[in-house]
Structures are given as structure tokens and as C-alpha cells.
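# A structural walkthrough
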Amino acid sequence: MADVTIDEQRFRQRFDEFNEIGATDAGGVDRPTLSDENKAARDTLVEWFREAELDVRIDEMGNIFGRREGRDPDASTVLFGSHVDSQYNGGRYDGVVGVLGALEAIEALTDAGIETDRPLEIVAWSNEEGVRFQPDMLGSGVYTGVFDLEYAYRREDKDGKRFGDELERIGYKGEDPCEPGDLHCYFELHVEQGPFLEQADLSVGVVEGVFGFSWMNVAFEGQANHAGPTPMTMRRDAFVATADVTKAVREITATEGTDLVGTVGSVDVWPNSINVIPERVEFTIDCRSYDNAVVDAAVERVQDEIAWAAEREGLEYEFEEIMRVDADPFDDECIETVAEAADEAGCEYTRLVSGAGHDANYLNKIAPTSMIFVPSVDGISHRESEYTEWEDVVTGAEVLLRAVRKQATA
Ligand code: HGY
Ligand code: MN
Ligand code: MN
Ligand code: MN
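Residues numbered from 1 in each chain as written. Chains lettered and ligands numbered in written order. Predicted model: local features only at pLDDT ≥ 70, side-chain atom pairs only at ≥ 80, totals over all residues. Heavy atoms only, no water.

Here helix α2 (residues 36-51) crosses helix α3 (residues 96-111) at 10°, and the two axes come no closer than 10 Å. What the angle tells us is that α2 and α3 run roughly parallel. Of the two elements, α2 crosses α3, and the hand of that crossing is left-handed. Where α2 approaches α3, its residues L45, W48, F49 and E51 are matched on the opposing element by V99, L100, L103 and E107. Tallied by class, residues from the contact of α2 with α3 come to 6 nonpolar, no polar and 2 charged. (Axes fitted to C-alpha atoms, helices over the stretch in contact; angles between N-to-C directions. Helix = DSSP H or I, 4+ residues; strand = E, 2+ residues; numbered from the N terminus. Parallel < 35°, antiparallel > 145°, perpendicular 65-115°, else oblique. Left-handed = near helix turned anticlockwise from the far one by under 90°. Contact = heavy atoms within 4.5 Å. Nonpolar A, V, L, I, M, F, W, Y, C, P; charged D, E, K, R; others polar.)

Bound to the manganese ion (ligand 2) are the protein donor atoms H83 (NE2), D94 (OD) and H190 (NE2), situated 2.0 to 2.2 Å from the metal. The metal-metal distance between the manganese ion (ligand 2) and the manganese ion (ligand 3) comes to 3.4 Å, with D94 coordinating both. In this pair, D94 sits in the loop between β3 (77-83) and α3 while H190 sits in strand β5 (residues 183-191), placing the two residues 96 residues apart along the sequence. (Donors = N, O, S within 2.8 Å, 3.2 Å for Na, K, Ca; no water.)

On to the domain arrangement of the protein, then. According to the domain assignment, the protein consists of domain 1 (8-210 + 327-407) and domain 2 (212-325). Placing the centre of domain 1 and that of domain 2 at their C-alpha centroids yields a distance of 33 Å. Listed by partner, the interface residues are 23 residues for domain 1 and 14 residues for domain 2. Taken together, both faces of the contact between domain 1 and domain 2 bury some 1200 Å²; the carbon and sulfur share is 53%. (Domains from an automatic or database assignment. Buried area = accessible area lost by both parts, 1.4 Å probe.)

Right, let's get into unusual backbone geometry. Peptide bonds are trans in most cases, and residues, glycine excluded, mostly fall at negative phi. In this structure, the amide linkage connecting Q134 to the following residue, P135, adopts the cis form with an omega of -10°. Within the secondary structure, P135 is located in the loop between β4 (120-125) and α4 (138-143). Cis rather than trans, the peptide bond between W270 and P271 has omega equal to 0°. Tracing the sequence through the fold places P271 in the loop between β9 (267-270) and β10 (280-289). A positive phi is found at N89, a non-glycine position, where the angle reads about 55°.

Have a look at this one:
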């Protein structure tokens, strides 16, 4: 396909300029959903999408689309993209590689004067990370009908600010309905966020599916009291129960022979004072596996552990599973398209599944979907030191371009 190539220089320049937005001193980015930094990132995307002569539209969830018509006005659309919201103090590659890679691919086709039969549409999904507003993949979740719009608008951050209000505040509460178009397929380019490709010394991963996962919110309610005079036998310490459950999550997920992982990632303690027994602790549990039955069993067991820990310490507790997405294999034809694209690009690749959640989880429920992974150095992600070799990023964009072109040409 020598008739079209990725413009490495333009791609690199955009990537660096984009990651100056919300840049942190330690070399990462801090652009949480609907923050001012996220708004600046969105504004830049809209400007670049327009410069690429794409029809830009913003839907009710703030998902940003850039569209290029094909030769056949009745043909269904090849959609491809990712997200640009980041973790708090996250990495420069997570999501951004997929959105700027999609922009670079569509612009390279336009520059080469290559038309496609099908329309092409690139997308930046809102709130993929779910760190400020739970749950994650909210923009693609509403688009695919997993969540309804009002539910999403009501989601609150820790300061009680609502998603819908913040979306309006930054000027991205679009008019267009947040619902699927006539999709032919969906592709997403993303960094692997794990160690496998680097360990295997491979430059591309053909993604066959994504882990299923559960996000749970738990609260233990005990009794604050003075840390000095209160006898140990008279305490109702919410943090002790939290520690018990955290240990139990590690025991449950340490079982050999499963891919099950579990994380207690966010913990808030009240009153959080050195000489006061913790009265209330709110924390999160994230459990994942490629086997849905394994996730189900882990969620059951976690709930038992929470009840036992509360009973031992004489606490009240609240439990809410705020999100549960099943592992579903991606579409065989799209998987083969990515494999063929990688072959033709001359890449060393393998097939794998993703432990990280992606918007592709949800797109896969309404359209044939697959993903392209590129290696994460030291398997690191969701950290400022997240890094992928630039030549791997370019290779990923090249494979994306080829896969899109294959599916867009009838
Ligand atoms: O949780 C995830 O895997 C994704 O980064 N939202
Ligand atoms: Mn991501
Ligand atoms: Mn992420
Ligand atoms: Mn993700």
C-alpha cells in the first residue's frame, strides 16, 4: 500500500503539542474528564478535525466525531477512535495514540487522494477513564445503549458536581443524539498497558477481546473515638474492616490458574486524623477476568468478605456494584482484518486479549469490532512514566490505516 503513508512528522508534532495540554512536571498529563485541561484538549481536537476537512459533530455526551463521506452514500460507516480524557497524573499515550492515530490515518488517505466506498468517522469518546465520574466508558456506554443519558448526566464527582453540568460548563453538551449511526465496524488503536508485547519482542497485538470487569463501591460505618483512652475491645474501626477486605481481595485473586485480578484502588477515610479511630471508610474494588463466571464468583465472594468483616468489627456497611461489563470476544472478520493489515505492514504480531477496559468493549455489542495494540515499555500505564517507542506508535497507526481501508472498500 505504498500509495499512502503515515506522515510521521505531522503525527509526532501533533502528539507532542497535544500532550503539552495538562502536562505534569514528571512527564505525564493531568486531563481528567470535563476539566479545563480536558476542554483545551477537546478544542484542539475539533480544530485539527476541521483542518483535516472532516465534518465535526458533538453529541449529547460530548463525544466528538469527525466524518469523511465515501463514494457510496448508502454504505454503513467505518468508525475508529479512542479517548483523550486521562487518569489524574496519567500517561501521554493512553487513549491519545488511538485518537491522533485515527486522525493521522484519515488525513493520510485524504492527502493521498484515496477515496473509500464507505464513509469514515473518527471519534474521541467522553469519560473513558471513569476516574472523576464513575463508571468508565460512559460516553461510549450511552452511545451503545448500555447507560441512558439522564443516568450519565446525574453522575457526580467527589465534589458533588454533575457530569451534565460540567459538560455544559466546558461547552461540549452537544445537540446531536448520542446514539449509534449505521455502523459497518469499529477499530481502536491503543497502547497495550501490559508487559506482554514487549516481553515477546513484538510490535503489534491483534486484540481478540477484552476482560469482563466489575467496579464496586463499598462503605464501612463504625464509630469515631479517641485513639488513646478507647480500649481495643470497645472499638468499631472502619479501617480495620477495610484492611481485612483488601487482604481478602488479594487472597481471592491470588488463586493459581485463573487470570482473575482485583484492586482496591481508591480509599477515603473519615475523619482521617492520626488520633481518631476511623468512623467511615469508602473504597472501591475492581475485579476482572476474561471468564465472566470467574468475575461473577469473585464478586459473590467479595460480598461475603465484606459482610464478615463488618460483623467482626460491629459495623454497618453499604455495597454497590456500579458497573459490570462482560467479556465478549471481538468479531472474527475484524480480527482477521487487523491481522492481515499487520502482515501487510510487515509487523511481527500476536493475538491477545486486553486486561484494560476500552470503549471497544461497548462498541463490540453493536458492531463488529477489533483493536490494535502497540507495546508499553516495562508494561507501565496509568502512570506518568507510561511510554511507547514512537516507531511502535507509527506502526500502530499504519496498521489502523490499512485495516480501516480494507473494511471501507467494498
Ligand atoms: O479501567 C480501565 O481499564 C480503563 O482504563 N478505563
Ligand atoms: Mn485508554
Ligand atoms: Mn486508561
Ligand atoms: Mn481504557
